[in-house]
Amino acid sequence: MLGVQSVPSGLAVGLLAGLNPSAGLYGYMVGTAGGAAVTSSAFMAVQGTSAMAILIADVPGLRGEDAERMLVTLTLLTGAVMLVAGLLRLGSVLRFVSNAVMVGFMSAVGVNIVLGQLADLTGYDADGANRVTEAFNTLARPDRMNGPTVAVGLATIALIVLLGRTRLGAMGLVVAVVATSAAVDIAGWQQVATLDDLGVTVDSLPVPELPHLRSIPSLILPAVSLAFVGLVQGAGISATYPNPDGTYPDSSRDFVGQGVGNLAAGVLRGMPVGGSISATAINKQAGAQTRASLFIAAAVMAVVILAFGAAVGRIAMPALAGLLILVGLRTVKPDSMVTVWNVGIIQRAVLVVTFLLTVLIPMQYAVLVGVGLSIVLHVVRQSTQVTIRRQVLDADGDLVETEPPVLLPPNEVVILQPYGSLFFAAAPVVDTMLPDPGPDTTGSVVIIRLRGRTDLGTTFMDVLHRYATSLAAADSKLVLASVSDRVLEQLRVAGVTEVVDADDLYVGDERVGATLRRAHDDALAWVDARR
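I will try to describe carefully the structure that is included in this document.

Rules used throughout
Residues numbered from 1 in each chain as written. Predicted model: local features only at pLDDT ≥ 70, side-chain atom pairs only at ≥ 80, totals over all residues. Heavy atoms only, no water. Salt bridge = Lys/Arg side-chain N within 4 Å of Asp/Glu carboxyl O. Helix = DSSP H or I, 4+ residues; strand = E, 2+ residues; numbered from the N terminus. Buried < 20%, exposed > 50% of the residue type's maximum accessible area, 1.4 Å probe, protein only. Pairing = 2+ DSSP bridges. Axes fitted to C-alpha atoms, helices over the stretch in contact; angles between N-to-C directions. Contact = heavy atoms within 4.5 Å. Core = buried A, V, L, I, M, F, W, Y, C linked by side-chain atoms within 4.5 Å.

### Describing the pattern of salt bridges
Part 1 of the reasoning: Within this structure, the stated rule accounts for 13 salt bridges.
Part 2 of the reasoning: The salt bridge involving D185 is made with R314; its shortest N-O contact spans 2.7 Å. Here D185, found in helix α9 (residues 171-187), pairs with R314, found in the loop between α13 (292-312) and α14 (317-331); they are 129 residues apart in sequence, far enough to count as distant.
Part 3 of the reasoning: A relative accessible area of 40% places D185 in the partly exposed class.
Part 4 of the reasoning: Taking the relative accessible area as the measure of exposure, R314 reaches 35% and is therefore partly exposed.
Part 5 of the reasoning: Of the charged contacts in the structure, one is a salt bridge between D475 and R530, with a shortest N-O distance of 2.2 Å. Of this pair, D475 sits in the loop between α19 (458-473) and β9 (477-483) while R530 is found in helix α21 (residues 514-530), placing the two residues 55 residues apart along the sequence.
Part 6 of the reasoning: When salt bridges with common partners are traced through the structure, they connect R389, E401 and E403 into a single cluster.

This is the structure in structure tokens:
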């Protein structure tokens, strides 16, 4: 089923990308087979996706005399980026992409798909600075729309929805596109555009093409953006569909598989591909048990191309537009948007900014801005989640946590336990939480417990240096307990040991609490001696 369904889908996605639709078809066929040979996932279908197609449509230079060679170059570069990401085992990096960014991005992709197909759906191609203005100008001139073209597009949408609820399932879209395209032939509607009008010929298997080496510098940024989008969608498949033995795939090896799929597709004139969530779902729904189903799907596509390629040109453009509009509408997830909106103001802002940028500016830039927003959001979250608690040893020797004092009392031992990440953005937050030496502060000891910390950045080291200096000026001192060997070396390199005596650095061991109690006892003795 996946092989037959992929033929109209491949043509539609190629059309969505602004390419010769055969590039979508070849990318689907070769990418599916190439990816299946290497991916860790037994069911991942490596095909073109609507998000990647929208991004490709915004890449300049993929039109004109060298369009095919530049597309080959873009696909090969995308595959190379994916391959390197997999070999470097960067699968875990994608967890830093926030849900707010992905929901905003994918919802905007859905809107872009719908807006971008209005011209083919109506038969009127309006001018505009971007998809939004083009769509507005199209809808503002109903008198320019072609009635039969609109009817074919709407009928295709209705048929796909209705047939999808029958036993045909995903095959319903194939039947719908064929049926409405056949109706155009029968009715003799010459004004309804077909793939033949675009000069599309798909009656043979693809042959190799050389890349356009001079275009590599201009295509690196789009390739990185395409790789990112494809890998994020593929990571969703890796986390959702376990292999036949019950284990979940290795996302980094799936990166490698998607890279190989692109390298194969690029050589054979296919568009960039990635893990397709919808195609993988169809593959599973059709009863796939092993990765052999993907090789069969690719073979079925090859047979369809050879046997029915001549008829591909008769597919009506509004039929494909109707299919893509339905894909776009299903890509928008209102429930997910509402959930993100209700979480908090930061997620709300990220959602809105990502959505608007993806709609209004070229996709390769919107993707990178989305990644940047994810990183900023992660930093903000981590820095706001850091806190400090005071720990007090009670009569039974148990640690009781309380709020730390704002001002450091005189002649007292204060144990502080920081929670959360102590990276550079959190260091200033920690600085504000430390008890300040007041005018009455004298002869006190502040113990900061660092158990479990294996790395402290230089920004936090600066906080410790300043705090130790301020305590010394108040005739008090700073003690660091449960310090690891690595952190101890960092303290030396950062110069903290110049203001904190070696006797006040307590290296921790496997006994939980023993080092802290030793530091506490020594601090009490020091305070008593000062009195």
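### Side note on the sheet that holds strand β6 (residues 413-419)
Part 1 of the reasoning: Within the open sheet, the six strands sit side by side as β4-β3-β6-β8-β9-β10. Their pairing is mixed. Each of the sheet's edge strands pairs with one partner strand only, and the pair in question is β4 (399-402) and β10 (505-507). On average, each strand axis in the sheet is inclined to that of its neighbour by 30°, with strand direction left out of account.
Part 2 of the reasoning: The strands touched by helix α20 (residues 485-493) are β9 and β10; relative to β9, the strand with the most contacts, the crossing angle is about 145°.
Part 3 of the reasoning: In the packing of α21 onto the sheet, contacts are made with β3 (387-393), β4, β6, β8 (445-449), β9 and β10, and the angle to β8 comes to roughly 170°.

### Some details on the nonpolar core
Part 1 of the reasoning: Core analysis: the largest hydrophobic core is formed by 86 residues, its most contacted members being L19, L62, F105, L195, V229 and M271.
Part 2 of the reasoning: Ranked by residues supplied to this core, first place goes to helix α5 (residues 99-116) with nine residues.
Part 3 of the reasoning: Sequence-distant contacts of F105, that is, excluding residues within four places in its chain, are made with A51, V229, T354, T358, M363 and V367.
Part 4 of the reasoning: Listed in part, the 31 residues of the second largest apolar core include V446, L480, V496 and L505.

Purely geometric stuff here, so don't read any function into it on its own.
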